[in-house]
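Here are the chains, one letter per residue:
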Amino acid sequence: MEETNPVVLLTGDTWHIVEYSRRSKVALCGQRVGDGRAHTRLKQVGVENICRNCAKLWQTEKG
Ligand SMILES: [Zn+2]
């Protein structure tokens, strides 16, 4: 896993970070992402454009 550039999944209008690529059913913030309409990498989207809860948790995890 590339911790500096995790996979993000589009759910509704919001990108959420997932820890296990497209197989994840729950985002980092707890949002269900079962539908996974699109996926890419965080750096393609920009951390400022993703779910704020995911961004906060991810930055906390990084240390
Ligand atoms: Zn989220």
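Above this text sits the structure in question.
Here the structure is a predicted model, which means the values were calculated and not measured.

Engineer: Could you give an account of the pairing of strand S1 (residues 7-11), with specific residues and numbers?
Structural biologist: In terms of strand pairing, S1 meets strand S2 (residues 14-18) through 5 bridges, oriented antiparallel. Across the sheet, the residue bridging to Thr-11 is Thr-14, located in S2. What sits between S1 and S2 in their antiparallel hairpin is a turn of 2 residues, with Gly-12 showing a positive phi close to 65°. Sheet topology note: the S1/strand S3 (residues 38-41) ladder contains 4 bridges and is antiparallel. Bridging from a neighbouring strand, Val-7 pairs with Arg-41 of S3.

Engineer: Tell me about the sheet that holds S2, residues and numbers included.
Structural biologist: The sheet built from 3 strands is open, its strands ordered S2-S1-S3 with antiparallel pairing. In the strand order of this sheet, the two ends are held by S2 and S3, each with one partner. Averaged over all adjacent pairs, the angle separating strand axes in this sheet is 35°, with direction ignored.

Definitions and limits used
- Residues numbered from 1 in each chain as written.
- Predicted model: local features only at pLDDT ≥ 70, side-chain atom pairs only at ≥ 80, totals over all residues.
- Pairing = 2+ DSSP bridges.
- Helix = DSSP H or I, 4+ residues; strand = E, 2+ residues; numbered from the N terminus.
- Axes fitted to C-alpha atoms, helices over the stretch in contact; angles between N-to-C directions.

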